[in-house]
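Fold and geometry: a report
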Amino acid sequence: MGIFEYAPAPESRDLANLKSHYRPFVNGEFVDGSGEPLKTINPATEEVLAEVGTASVSDVDTAVKAARKAYNNVWSKMPGSERAKYLFRIARLIQERSRELAVLESLDNGKPIKESRDSDVPTAAAHFFYHAGWADKLDYAGYGPNPKPLGVAGQVIPWNFPLLMLAWKIAPALATGNTVVLKPAETTPLTALVFAEICQQAELPPGVVNILPGAGDIGAALVGHGDVNKVAFTGSTEVGKAIQRQIAGTAKKLTLELGGKAANVVFDDAPLDQAVEGIVNGIFFNQGHVCCAGSRLLVQESVAEEVLEKLRYRVSTLRLGDPLDKNTDIGAINSAEQLAKIKGLVESGDAEGAQRWTSPCPVPERGFFFAPTVFSDVQQSMRIAREEIFGPVLSVLTFRTPDEAVTKANNTPYGLSAGIWTEKGSRILWMANQLRAGVVWANTFNRFDPAAPFGGYQESGFGREGGRTGLEAYLDV
Amino acid sequence: MSDRISVAKTYKLYIGGKFPRSESGRVYPVTDTKGKFLANASHASRKDVRDAVSAARKAFGGWSAATAYNRGQVLYRVAEMLEGRREQFVAEVSASEGVAAKKAQSIVDASIDRWVWYAGWTDKIATVLGAANPVAGPYFSFTVPEPTGVVGVLAPQQSSLLGLVSVLAPVLATGSTAVVVSSADRPLPAITLSEVLATSDLPGGVANILTGRASELGSWLASHGDVNALDPTGAEPSARADLAREAAGTVKRVLTVPDTEPDWTADADIARLRRYLEAKTVWHPLGV
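None of the values given here were measured: they were computed from a predicted structure. (Residues numbered from 1 in each chain as written. Chains lettered and ligands numbered in written order. Predicted model: local features only at pLDDT ≥ 70, side-chain atom pairs only at ≥ 80, totals over all residues. Heavy atoms only, no water.)

1. A short note on the pattern of salt bridges
If the charged atoms of two oppositely charged side chains come close together, the side chains can form a pair. Residue and element names in this part refer to chain B. Scanning all chains against the criterion turns up 42 salt bridges over all chains. Here Arg240 ties to Asp259 by a salt bridge, and the two come within 3.7 Å at their closest N and O atoms. With Arg240 in helix α9 (residues 240-247) and Asp259 in the loop between β9 (253-254) and α10 (271-275), the pair connects residues that are 19 residues apart, well separated along the chain. (Salt bridge = Lys/Arg side-chain N within 4 Å of Asp/Glu carboxyl O. Helix = DSSP H or I, 4+ residues; strand = E, 2+ residues; numbered from the N terminus.)

Right, here's the structure in full:
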């Protein structure tokens, strides 16, 4: 490589307005949580970014009480047209503070600034805009006249898209008239707490949104709280199953957005250069920390060598390193723990006989980084073909006929997303029908929009986020 | 009238379009509400549940891929056959539920009408629940509802026919396939319904009806790895939490149902149809 030398182009870290301490947000105020404070680190440098106060189980109760009070006295009584105005305000404030949020997100999460700036933050704002418009139009949503909210929503979100997942959860909940207690992930709490400031700036009534940093035990306490009416979780399938078990037999309404092992299917007539771009986007976007990542590439045998060659060349041009550098394609793995998990699965790929190719890109000495990796000669029985890796690791399998492609693509307990690459329109529509997945991208990958429902089949969870369909999760219908 | 001994029926299960006896060989006595012996019904076992689930899985591909128009025709045909057996259903509902003939007639009529109502939904539900998504970018994005898969149904214990139809018809209308455990004490209308299904045009395996105990069979359905959704209506309220816990092992969709049986005579809505549908969103770039 080395065709172009790039000078460093770092975004200013001062834009993040990083503070040394952050605190939980309950009933409209930042409060001292009674949990053990946690230190959140920059995964690209391993430096401590800030100390964050966490909630204890008793704080969960306080926050749920605040949310209940706000629900009963204010939010459920407010006309939808008024709720809408708060959501519009929040959307605008996210846009106005977008640079701050993007830099802070990249610092705390390790994702490249070009992704936080161009994808995460604008899409988060878009979710509030979209749902704001629903708040006074719920009679038209298809659930009968005057559909009712559920009450207090307990929401637990992951570390891969901290602000965006918050928006996916909070915007529809508020639009439909629910109040919220949200627990951000342990390793990425910062943008959620800046979002709390935005709620204050928007003069959102106290208690409508409450944010409690903490670990899994706080999530479990929130999910299990007796006065929570709705539980929404995005994260691993393992934890999703535990939550489904935990609340079994209660009246709580549940939606789950869990893991995936998406098939990205490339036919021999596909525009291969475009397909390679899509494959790269499918698995290396956000370091592969994407539940719907196209982690199983299924290539038609006749073009497999050609695709692999193009793919290796393209991947070797990806720039890995400082997330704040505007030219960085692949940032840091979010935590040491996740890095260890990726390494473990990659070793299993070696041990089970797959052929590993790793990009020769330089890897920083400090921080949690993993060079983009492509496994070929992968068999369906291998762990790297069955288990979600959640990292920049692609498994390549081959197929001969469209039927074989369908069989292999559907050979997974998951069912979140899938990709199809072919010039033949009739085949696209046929494949899209056959694939057991909630989102199918044809000749593109990893597209998201608040107007388009997103969610899984089978063990990728149930319920949808976005679109008219997504409102159902927060309505008593 | 001459003295004549009636031909006694042997009641069997309905699995994969056939009428096998329970693999376990077990039967249990069915009585009317006054305790008078009516018949022996097959007492389905765990193995029967497994056979029924594999039959339902095998039938899923064809049934879900059939055109909505065709599925509507088939379901309407079932309603025709129900109408043809009206008198038998009236007698069985009357004996099973201990209601007078007139009341039983109105229950049977409502059951037939409900089946017709759901038959008409097959080619409309995608229009009502699907969408063209106005995304902010050069993409064509649309969302279609698709059937969830194999659904385990614990039918209502009290309402032997109208309740059964109200929980089974929506499963079939979506294009999903069903394994149903009938009311334990009132199974005769369910058995007759299976005879109706077998002689309509419904492909074998699309609906499978087991007579037996929800308390025994429910957990096998809830924990089965190849069942996608569970309707626990016929389970004891105290057993539902356990069923939901077992269902979590494979992230099954579990219906939220009231503790006591609802009034099945009330008008149906599309809530049950929605529960057995997945929303699939497809994206494609726009360009020349």
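2. Topic: the UniProt feature "active site" (unreviewed entry) in chain A
Residue and element names in this part refer to chain A. Here, the residues flagged by UniProt with the feature "active site" (unreviewed entry) are Glu257. One can find Glu257 in strand β10 (residues 253-257). Not counting residues within four places of it along the chain, the set of residues in contact with Glu257 comprises Phe233, Thr234, Gly235, Leu416, Phe454, Gly455, Gly456, Ser460, Gly463, Arg464 and Glu465. (UniProt positions renumbered as here; feature names shortened; annotations may be inferred. Contact = heavy atoms within 4.5 Å.)

3. Some points on the domain arrangement of chain A
Residue and element names in this part refer to chain A. Here the domain parsing of chain A yields domain 1 (13-258 + 457-476) and domain 2 (263-442). For domain 1 versus domain 2, the distance between C-alpha centres works out to 30 Å. Domain 1 puts 33 residues into the contact, and the matching count from domain 2 is 32 residues. Summed over both sides, the interface of domain 1 with domain 2 buries roughly 2700 Å², with 56% coming from carbon and sulfur. Counting every contact that joins domain 1 to domain 2 gives one salt bridge. (Domains from an automatic or database assignment. Buried area = accessible area lost by both parts, 1.4 Å probe.)

4. A closer look at the interface of chain A and chain B
Taken together, the 41 residues of chain A in the interface contact 38 residues of chain B. Ranking the residues of chain A by area buried against chain B places Gln244(A), Arg436(A) and Tyr457(A) at the top, with a combined share of 16%. Run the count over chain A and chain B and you get three salt bridges. A salt bridge links Glu278(B) to Arg464(A); the nearest nitrogen and oxygen atoms lie 3.1 Å apart.

5. Some remarks on the pairing of strand β7 (residues 179-183) of chain A
Residue and element names in this part refer to chain A. By the criterion of burial, β7 is predominantly enclosed, with five of the five residues buried. Handedness of the crossover joining strand β6 (residues 152-156) and β7 through helix α5 (residues 162-175): right-handed. Handedness of the crossover joining β7 and strand β8 (residues 209-211) through helix α6 (residues 190-201): right-handed. (Buried < 20%, exposed > 50% of the residue type's maximum accessible area, 1.4 Å probe, protein only. Right-handed = clockwise from strand over helix to strand, strands pointing away.)

6. Things to note about the state of the cysteines
Residues and elements named next belong to chain A. Within this structure, the stated rule accounts for zero disulfides over all chains. Free cysteine Cys292: the closest other cysteine sulfur is in Cys291, separated by 4.8 Å. For Cys292, a relative accessible area of 1% gives the class buried. (Disulfide = S-S within 2.5 Å.)

7. Some details on the nonpolar core
Ranked by internal contacts, the top residues of the largest apolar core, which has 109 residues, are Phe128(A), Phe195(A) and Ile211(A). If you tally residues by element for this core, the top one is α5(A), at eleven residues. The residues that make up this core include at least three from each of domain 1 (13-258 + 457-476) and domain 2 (263-442) of chain A. In this structure, Ile125(B), Val151(B), Leu202(B) and Leu277(B) belong to the second largest nonpolar core, which totals 52 residues. (Core = buried A, V, L, I, M, F, W, Y, C linked by side-chain atoms within 4.5 Å.)

8. Re the UniProt feature "domain: Aldehyde dehydrogenase" (unreviewed entry) in chain A
With numbering matched to this structure, UniProt assigns "domain: Aldehyde dehydrogenase" (unreviewed entry) to residues 30-476 of chain A. Along residues 30-476 of chain A, the helical share is 41% and the strand share 15%, with 31 Å between the first and last C-alpha atoms.

9. Quick word on the sheet that holds strand β5 (residues 150-154) of chain B
Residues and elements named next belong to chain B. Across the sheet, five strands lie side by side as β7-β6-β5-β8-β9; this open sheet has parallel pairing. The open sheet has two edge strands with one neighbour each: β7 (207-210) and β9. As paired elements, strand β8 (residues 229-231) and β9 share two bridges and run parallel to each other. Looking at the pairing, Leu230 lines up with Val254 of β9. Strand contacts of helix α1 (residues 46-65): β5, β6 (177-181) and β7, with the helix running at about 155 degrees to β6, the strand carrying the most contacts. Across the sheet, helix α8 (residues 214-223) touches β5, β6 and β8, and the angle it forms with β5 is around 160 degrees. (Pairing = 2+ DSSP bridges. Axes fitted to C-alpha atoms, helices over the stretch in contact; angles between N-to-C directions.)

10. What about the environment of His131(A)?
All names here are of chain A. Topologically, His131 is positioned in helix α4 (residues 113-134). Residue classification places His131 among the buried residues on the basis of a relative accessible area of 1%. When the C-alpha positions of His131 and Thr469 are compared, they lie 12 Å apart, and in sequence the two are 338 residues distant. Leaving out residues up to four positions away in the same chain, His131 has contacts with Leu87, Ala171, Pro172, Ala175 and Leu471.

11. Focus on the side chain of Arg272(B)
Note that Arg272(B) resides in helix α10. In this structure Arg272(B) touches Tyr118(B), Ser166(B), Val167(B), Pro170(B), Asp231(B), Thr233(B), Leu255(B), Val257(B) and Trp264(B), once residues within four positions along its chain are discounted.

12. Focus: the packing of helix α1 (residues 57-75) of chain A against helix α7 (residues 216-224) of chain A
Residues and elements named next belong to chain A. One way to put it is that α1 packs onto α7 with a least axis distance of 9 Å and a crossing angle of 40 degrees. Classified by the angle their axes make, α1 and α7 are oblique. Considering only the axes of α1 and α7, their crossing is right-handed. Each of Val57, Val60 and Val64 in α1 lies in contact with α7, whose residues at this interface are Ile218, Ala221 and Leu222. Considered class by class, the residues forming the contact of α1 with α7 number six nonpolar, no polar and no charged. (Parallel < 35°, antiparallel > 145°, perpendicular 65-115°, else oblique. Left-handed = near helix turned anticlockwise from the far one by under 90°. Nonpolar A, V, L, I, M, F, W, Y, C, P; charged D, E, K, R; others polar.)

13. Overview of the sheet that holds strand β10 (residues 277-285) of chain B
Judged by pairing direction, the sheet is mixed, and its ten strands sit side by side in the order β13(A)-β14(A)-β15(A)-β12(A)-β11(A)-β16(A)-β17(A)-β10(B)-β4(B)-β3(B) without closing on themselves. A single partner strand is all that each edge strand has here, and the edge strands are β13 (355-358) of chain A together with β3 (131-133) of chain B. Shown here is a sheet whose adjacent strand axes are inclined to one another by a mean of 20 degrees, direction ignored. Looking at chain direction, strand β12 (residues 296-300) of chain A and strand β15 (residues 393-399) of chain A are connected through five bridges and run parallel.

14. Focus: the confidence of the model for chain B
Low pLDDT means the predicted atomic positions in that stretch should not be read closely. Predicted confidence across chain B gives a mean pLDDT of 97, with 99% of residues reaching 70 or more. Interface predicted TM-score (ipTM) for the complex: 0.96; the corresponding pTM is 0.96. (pLDDT = per-residue confidence, 0-100.)

15. Observations regarding α9(B)
All buried positions along α9(B) are accounted for by Arg240(B), Ala241(B), Leu243(B), Ala244(B) and Ala247(B). Projection of α9(B) onto a plane perpendicular to its axis shows the buried side chains occupying an angular sector of 160 degrees, all on one side. In this structure, the buried residues of α9(B) make contact with α8 (237-246) of chain A together with β5, α8, β8 and β9 of chain B. (Arc of directions from axis to C-beta.)

16. A short note on the UniProt feature "domain: Aldehyde dehydrogenase" (unreviewed entry) in chain B
UniProt marks residues 30-255 of chain B with the feature "domain: Aldehyde dehydrogenase" (unreviewed entry), using the numbering shown here. Secondary structure across residues 30-255 of chain B divides into 51% helix and 17% strand, with the first and last C-alpha atoms of the span separated by 29 Å.

17. Examining the pairing of strand β16 (residues 417-421) of chain A
Residue and element names in this part refer to chain A. Most of β16 is tucked away: five of the five residues are buried. Every second residue of β16 is oriented toward a common face, with Ser417, Gly419 and Trp421 on one face and Ala418 and Ile420 on the other, all of them buried. Crossover handedness for the path β16 to helix α14 (residues 425-434) to strand β17 (residues 439-442): right-handed.

18. Concerning the packing of aromatic side chains
Scanning all chains against the criterion turns up 17 aromatic pairs over all chains. Summarising the aromatic geometry, the rings of Trp441(A) and Phe448(A) are spaced 5.8 Å apart at their centres and angled 80 degrees between planes, so their arrangement reads as edge-to-face. Ring pairs connect the aromatic residues Trp168(A), Trp441(A), Phe445(A), Phe448(A) and Phe454(A), which therefore count as one cluster. Directly above the aromatic system of Tyr474(A) lies the positively charged group of Lys230(A), at a separation of 4.8 Å from the ring centroid. Here the basic side chain of Arg213(B) rests over the ring of Tyr28(B), its NZ or CZ set 4.9 Å away from the ring centre. (Phe/Tyr/Trp six-rings, centres within 6.5 Å; stacked < 30°, edge-to-face > 60°. Lys NZ or Arg CZ within 6 Å of the ring centre and 35° of its normal.)

19. Description of unusual backbone geometry
Residues and elements named next belong to chain A. One non-glycine residue, Asn146, adopts positive backbone phi at about 50 degrees. Along the chain, Asn146 falls in the loop between α4 and β6. Here Gln287, not a glycine, exhibits a phi torsion of approximately 60 degrees, which is positive. Its place among the elements puts Gln287 in the loop between α9 (272-284) and β12.

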